[in-house]
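Next come the chains, spelled out residue by residue.
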Amino acid sequence: MPNRTARLALAAAGVTVVLWASAFVSIRSAGAAYSPGALALGRLLAGSLVLGTVLLIRREGLPPRAAWRGIGISGLLWFGVYMVVLNWGEQEVDAGTAAMVVNIGPILIALLGARFLKESLPPRLLAGMAVSFAGAVAVGLSMSGEGHASVLGVALCLLAAVAYAGGVVAQKPALAHGSALQVTTFGCLVGTVACLPFAGRLVEEAGRAPLSATLNMVYLGVFPTALAFTTWAYALARTTAGRMGATTYAVPALVVLLAWVFLGELPGLLTLAGGALCLAGVAVSRSRPKRASTAPAGTVRG
């Protein structure tokens, strides 16, 4: 049974990273027609509608009181602040700078997890994250084109990384009390409420946005938000925050593949090398040291 649970958690994490990588293509379309706050609100509204419907069908009800603190913090930071400032920051900096700054997030998750969740920092996890981070930066630099970066953009990307890490670390304890669906649904609702000040802008921009941009915004809400955040929560409940954060370093490699398939962007050698480093680092960070072989006769174990 433990092996089956581990396989299911790994499969759930795989679904998450694939869908988060797919968001890259949709954000390009939706972001051209919607401002950062409006895009975040529209995405969260779609996600909340789907999650709320599923919650009602499954009759899971409200999460226990002990889960609400983590849900509130993660909802505000990750679903709210992160989505708005990331959309905004990516308009102010080139892809290389964004990759370097935002991908500090998994490292912050591991450090905050050690500090607040008392998680260990095994050498394989740290080594794997270092390799993956180098790969993520390589991918970003190779896809930047003519780079540009403003102080505001760098600050926004750094804020996005901090909000992401804080949201994940806050969500982990909540999953000890509520289900993945409950924690995700109400976290998404908290983020939606936090983004309501952008409602007027969303209505205004939706009236003139092309249908393709609006459909991509809805896609972002249904799949990379509602489904992917739920599978993320399922996996997070069954492993450490640090290991889950390290797993998301597979996203840049998948973005390269999806950009090639759907946008016809043929990756260069640096891009491919960076993607390979990302995947190699994830493999190292999720690996476990081999158990020591049986001690020879006469050996005393204390």
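Trainee: Sorry if this is basic, but what is going on with the side chain of Asn103 here?
Mentor: Structurally, Asn103 can be placed in the loop between α4 (95-102) and α5 (105-116). Under the relative-accessibility criterion, Asn103 is labelled buried at 15%. Excluding residues within four positions of it along the chain, Asn103 makes contact with Ala98, Phe133, Ala136 and Tyr249.

Trainee: Can you walk me through the packing of aromatic side chains in this structure?
Mentor: Note on aromatic pairs: each is described by the distance of the centres and the angle between the planes. Tallying each qualifying case throughout the model produces 11 aromatic pairs. With 5.3 Å between their ring centres and 70 degrees between their planes, Trp68 and Phe186 make a pair best called edge-to-face. Here the residue Trp68 occupies a position in helix α3 (residues 68-92), and Phe186 occupies one in helix α8 (residues 180-194), the gap between them amounting to 118 residues. For the pair Phe79 and Phe229, a centre-to-centre distance of 4.7 Å together with 40 degrees between the ring planes defines the contact as tilted. On the criterion of sequence distance, the pair formed by Phe79 in helix α3 and Phe229 in helix α10 (residues 211-236) is long-range, its members being 150 residues apart. Side by side, Phe79 and Phe229 carry an identical accessibility label, which is buried. Connected via pairs of aromatic rings, a cluster forms that spans Trp20, Trp78, Phe79, Tyr82, Tyr164, Phe229 and Trp232. Between the NZ or CZ atom of Arg115 and the centre of the ring of Phe116, over which it lies, the distance is 5.1 Å.

Trainee: Looking at this structure, I do not really get the state of the cysteines. What am I missing?
Mentor: Chemically, a disulfide is nothing more than a covalent bond linking the sulfur atoms of two cysteines. Overall, the coordinates contain zero disulfides when judged by the stated rule. The structure places no disulfide on Cys195, whose sulfur is separated from the nearest cysteine sulfur, that of Cys188, by 9.5 Å. Among the residues examined, Cys195 registers a relative accessible area of 2% and is labelled buried. Residue Cys278 stays outside any disulfide, its sulfur separated by 17 Å from that of Cys157, the closest cysteine.

Trainee: How should I be thinking about a nonpolar patch on the surface in this particular structure?
Mentor: Together, Leu257, Trp260, Val261, Phe262, Leu263 and Leu266 line one region of the surface with nonpolar side chains, adding up to about 640 Å² of accessible area. Tracing the backbone shows Leu266 in the loop between α12 (250-263) and α13 (269-286). Judged by its relative accessible area of 66%, Leu266 falls in the exposed class.

Trainee: How do you make sense of helix α6 (residues 123-142) when you look at a structure like this?
Mentor: Residues separated by three or four positions in an α-helix point in the same direction, a consequence of the helix having 3.6 residues per turn. Taking 1.5 Å of rise per residue, the 20 residues of α6 would be expected to cover 28 Å, and the 29 Å separating its terminal C-alpha atoms lies within 8% of that figure. Taken together, the buried positions of α6 are occupied by Leu125, Gly128, Met129, Ser132, Gly135, Ala136, Val137, Ala138, Val139 and Gly140.

Trainee: Before we go on, may I ask you to explain the pattern of salt bridges in this structure?
Mentor: Side-chain pairing between opposite charges can occur once the charged atoms of the two side chains come close. A complete count under the given rule lists three salt bridges for this structure. Arg208 is the salt-bridge partner of Glu204, the closest N and O atoms lying 3.4 Å from each other.

Trainee: Explain the packing of α3 against helix α7 (residues 151-174) to me, please; I cannot follow it from the model alone.
Mentor: Relative orientation and spacing of two packed helices are given, respectively, by the angle between their axes and the distance between those axes. The N-to-C vectors of α3 and α7 enclose an angle of 160 degrees; their axes lie 7 Å apart at closest approach. Classed by the angle they form, the pair α3 and α7 counts as roughly antiparallel. When you trace α3 past α7, the crossing you get is left-handed. Its residues assigned to classes, the contact of α3 with α7 shows 19 nonpolar, seven polar and one charged.

Trainee: What's the story with the side chain of Glu119 in this structure? I'm lost.
Mentor: Along the chain, Glu119 turns up in the loop between α5 and α6. As a buried residue without a salt bridge, Glu119 has its nearest oppositely charged side chain in Lys172, at a separation of 5.1 Å. Among the polar contacts made by the side chain of Glu119, one reaches the main-chain amide nitrogen of Gly242 at a distance of 3.2 Å. Excluding residues within four positions of it along the chain, Glu119 makes contact with Gly113, Ala114, Lys172, Thr240, Ala241 and Gly242.

Trainee: What's the story with the nonpolar core in this structure? I'm lost.
Mentor: Formed by 64 residues in total, the largest nonpolar core has its most connected members in Tyr34, Trp78, Tyr82, Val168 and Trp232. Excluding residues that lie within four positions of it along the chain, Tyr82 makes contacts with Leu77, Ala160, Ala163 and Tyr164. If you look at the next biggest cluster of nonpolar residues, it comprises 10 residues, including Ala110, Ala136, Tyr249 and Ala253.

What counts and how
Residues numbered from 1 in each chain as written. Predicted model: local features only at pLDDT ≥ 70, side-chain atom pairs only at ≥ 80, totals over all residues. Heavy atoms only, no water. Helix = DSSP H or I, 4+ residues; strand = E, 2+ residues; numbered from the N terminus. Buried < 20%, exposed > 50% of the residue type's maximum accessible area, 1.4 Å probe, protein only. Contact = heavy atoms within 4.5 Å. Phe/Tyr/Trp six-rings, centres within 6.5 Å; stacked < 30°, edge-to-face > 60°. Lys NZ or Arg CZ within 6 Å of the ring centre and 35° of its normal. Disulfide = S-S within 2.5 Å. Patch = residues over 30% accessible without salt bridge, like charges linked within 9 Å, V, L, I, M, F, W, Y side chains within 5 Å. Areas by Shrake-Rupley, 256 points an atom, 1.4 Å probe, with all protein chains shown as cover. Salt bridge = Lys/Arg side-chain N within 4 Å of Asp/Glu carboxyl O. Expected span 1.5 Å × (residues − 1). Axes fitted to C-alpha atoms, helices over the stretch in contact; angles between N-to-C directions. Parallel < 35°, antiparallel > 145°, perpendicular 65-115°, else oblique. Left-handed = near helix turned anticlockwise from the far one by under 90°. Nonpolar A, V, L, I, M, F, W, Y, C, P; charged D, E, K, R; others polar. Lys, Arg positive; Asp, Glu negative; His and termini not counted. Polar contact = N/O pair within 3.5 Å; in protein donor to acceptor, adjacent residues only side chain to side chain. Core = buried A, V, L, I, M, F, W, Y, C linked by side-chain atoms within 4.5 Å.

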